[in-house]
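Single-letter residue listing:
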Amino acid sequence: MLTTEIQSLFEYSAWANRRCLQAAEKLSAEQFTQPLGSSFSSVRDTLAHIYGAEWIWLERFQGRSPSSLPNVKEFVDVAGLRERWLEHEEKLLSFVRGLSQADLDREMEYKTLKFGIYSNPLWQSMLHVVNHGTYHRGQITTMLRQLGAEPILTDLMHFYRERSMAARS
């Protein structure tokens, strides 16, 4: 995994996360927290899970292993979640942009919340974070459909196309 590739994937992930937040802003407060029977109960809980996973992995990338995720209940509305997430996004992208090839290839050791201590190259954990977000954003798209809201496009190819069009402008 090259540094330019991981940077592009994290830029994609941030782009897709912001699209999910924009879609969630169109929901009523009731819809935002309505239980829908997915991996995480609601749009709010799923978004908070993606945010929490990104947060805990950035901590791990930097040599820390927190013992818990942020509490989902602290995000009473989309605005609060968005504010916290965008602050985190800036830190995450800054970290990613500062990586060298040697950094990506280094072994990192971390403790998970439930399964013990692991060690693997940093790039593998970083790729996992992007893949994890993609999985759960797909669930959010399904939830939006269940709520009668407009689904969102978060496919990687849409990101590439949008960037390509912007570069030509």
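Please read all numbers here as calculations on a predicted model, not as lab measurements.

Chemist: Please explain the environment of K114 as it appears in this structure.
Modeler: With respect to the helices and strands, K114 occurs in the loop between β1 (107-111) and β2 (117-121). For K114 and S68, which are 46 residues apart along the polypeptide, the C-alpha to C-alpha distance reads 10.0 Å.

Chemist: When you look at the pattern of salt bridges in this model, what are you seeing that I'm missing?
Modeler: Side-chain pairing between opposite charges can occur once the charged atoms of the two side chains come close. Counted under the stated rule, the structure contains eight salt bridges. Across the pair E25 and R82 runs a salt bridge whose closest N-O atoms are separated by 2.6 Å. Here E25, found in helix α1 (residues 3-25), pairs with R82, found in helix α4 (residues 78-97); they are 57 residues apart in sequence, far enough to count as distant. Exposure remark for R82: the relative accessible area of 18% places this residue in the buried category. The partner of E59 in a salt bridge is R64, with the nearest N and O atoms 2.7 Å apart. Shared partners join several salt bridges into a network, and the residues in it are E11, R97 and R163.

Chemist: Sorry if this is basic, but what is going on with the packing of α1 against α4 here?
Modeler: Between two packed helices, what matters for the description is the angle formed by their axes and the separation of those axes. Following both chains from N to C, one finds α1 and α4 inclined at 175 degrees, their axes separated by 11 Å at the closest point. Judged by the angle between their axes, α1 and α4 are roughly antiparallel. Contacts between α1 and α4 involve I6, Q7, F10, E11, A14, N17, R18, L21, Q22, A24 and E25 from the first element and V78, L81, R82, W85, L86, E89, L92, L93, V96 and R97 from the second. Class assignment of the residues belonging to the contact of α1 with α4 gives a composition of twelve nonpolar, three polar and six charged.

Chemist: What is the right way to read the pairing of β1 from this model?
Modeler: Put simply, side chains in a regular strand alternate between the two faces of the sheet. Side-chain alternation along β1 places M108 and Y110 on a buried face and E107, E109 and K111 on a face that remains uncovered. Direction of pairing for β1 relative to β2: antiparallel, over a ladder of five bridges. Note that in β2 the partner of M108 across the bridge is N120. In this antiparallel pair of consecutive strands, β1 and β2, the connection spans five residues, and G116 shows a positive phi of 105 degrees.

Chemist: Please clarify how helix α3 (residues 43-61) should be interpreted in this entry.
Modeler: For an α-helix the count is 3.6 residues per turn, leaving residues at separations of three or four pointing the same way. Across its 19 residues, α3 extends 27 Å between first and last C-alpha, which sits within 8% of the 27 Å expected from 1.5 Å per residue. Of all 19 residues that make up α3, 18 are buried, and the element is covered over most of its length. Positive backbone phi, at 90 degrees, marks G63, one or two positions downstream of α3.

Chemist: Hey, could you run me through the packing of aromatic side chains in this one?
Modeler: Two aromatic rings are characterised by how far apart their centres lie and by the angle between their planes. The tally for this structure, following the rule as stated, stands at ten aromatic pairs. A centroid spacing of 5.9 Å and a plane angle of 45 degrees characterise the contact between F159 and Y160, whose relative ring orientation is tilted. Accessibility expressed as a relative area gives 35% for Y160, which makes it partly exposed. Here the basic side chain of R60 rests over the ring of W57, its NZ or CZ set 4.5 Å away from the ring centre.

Chemist: What am I meant to see in the nonpolar core here?
Modeler: Across soluble globular proteins, nonpolar side chains show a tendency to be buried alongside one another. Residues F10, W57, F61, F95, V96, L122 and M126 are the most contacted members of the largest nonpolar core, which totals 24 residues. The greatest single-element share of this core, amounting to seven residues, is contributed by α1. Not counting residues up to four positions away in its chain, the partners in contact with L122 are F61, F95, L99, D103, L104, R106 and M108. Within the second largest apolar cluster, 21 residues are counted, among which are L27, F32, L47 and I152.

Chemist: What should I look at first to understand the side chain of Q139 in this one?
Modeler: One can find Q139 in helix α6 (residues 122-146). Residue Q139 is classed as buried on the basis of its relative accessible area, which comes to 13%. Setting aside residues no more than four positions away along its own chain, Q139 makes contact with S38, S39 and T46.

Chemist: Please explain the side chain of T154 as it appears in this structure.
Modeler: With respect to the helices and strands, T154 occurs in the loop between α6 and α7 (156-168). In this view, T154 contacts Y12, W15, A16, R19, C20 and R137; residues no more than four positions away in its chain are not counted.

Conventions used here
- Residues numbered from 1 in each chain as written.
- Predicted model: local features only at pLDDT ≥ 70, side-chain atom pairs only at ≥ 80, totals over all residues.
- Heavy atoms only, no water.
- Helix = DSSP H or I, 4+ residues; strand = E, 2+ residues; numbered from the N terminus.
- Salt bridge = Lys/Arg side-chain N within 4 Å of Asp/Glu carboxyl O.
- Buried < 20%, exposed > 50% of the residue type's maximum accessible area, 1.4 Å probe, protein only.
- Axes fitted to C-alpha atoms, helices over the stretch in contact; angles between N-to-C directions.
- Parallel < 35°, antiparallel > 145°, perpendicular 65-115°, else oblique.
- Contact = heavy atoms within 4.5 Å.
- Nonpolar A, V, L, I, M, F, W, Y, C, P; charged D, E, K, R; others polar.
- Pairing = 2+ DSSP bridges.
- Expected span 1.5 Å × (residues − 1).
- Phe/Tyr/Trp six-rings, centres within 6.5 Å; stacked < 30°, edge-to-face > 60°.
- Lys NZ or Arg CZ within 6 Å of the ring centre and 35° of its normal.
- Core = buried A, V, L, I, M, F, W, Y, C linked by side-chain atoms within 4.5 Å.

Purely spatial values, then, with no claim about function.
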